[in-house]
Amino acid sequence: LAIATPASLIECQPAALAITPGTAPYYISILPGGQVSAAALEQLPSTSSTNVIWTCDIAAGTSITFQVKDSTGIIAYSAPITVQAGR
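Residues numbered from 1 in each chain as written. Predicted model: local features only at pLDDT ≥ 70, side-chain atom pairs only at ≥ 80, totals over all residues. Heavy atoms only, no water.

Colleague: Which residues make up the pairing of strand 9 (residues 81-84), and what values go with them?
Modeller: A one-sided burial pattern is seen for strand 9, the buried positions being Ile81 and Val83 and the unburied ones Thr82 and Gln84. Two elements, strand 2 (residues 9-10) and strand 9, share 2 bridges in a ladder whose sense is parallel. Each bridged residue has a counterpart across the sheet, and for Leu9 the counterpart in strand 9 is Val83. Bridging between strand 7 (residues 63-69) and strand 9 involves 2 bridges; their strand directions are antiparallel. The residue bridging Ile64 from the neighbouring strand is Ile81, located in strand 9. (Buried < 20%, exposed > 50% of the residue type's maximum accessible area, 1.4 Å probe, protein only. Helix = DSSP H or I, 4+ residues; strand = E, 2+ residues; numbered from the N terminus. Pairing = 2+ DSSP bridges.)

Listed below in structure tokens is the structure:
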């Protein structure tokens, strides 16, 4: 199980997230950057899709880490990424 993020995230713009298959459904959480034990800033609806489009609604300048958990409880994290300002 893994989650891939785009090279950059832009505030208010859609971002494609790709999940390396585990066992659906998948639960995606957005955590403070690099803080895997912190409370989630946001939780996305559960999905059975391995390709998820998320509109970035986190403020520019915020560092975030994506967490994906599958139905068996396996958890994977993305590298921290900082949200960029929209134009």
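Now that the structure is up, let's keep going.
Colleague: Let's hear about the pairing of strand 4 (residues 27-32): which residues, and what values?
Modeller: The buried fraction of strand 4 is high, at 5 of 6 residues. In terms of strand pairing, strand 4 meets strand 7 through 6 bridges, oriented antiparallel. Its bridge partner lying in strand 7, Ile28 is registered against Val68. Where strand 4 lies against strand 5 (residues 42-43), 2 bridges are found, and the strand directions are antiparallel. For Ile30, the partnering residue across the bridge sits in strand 5 and is Glu42.

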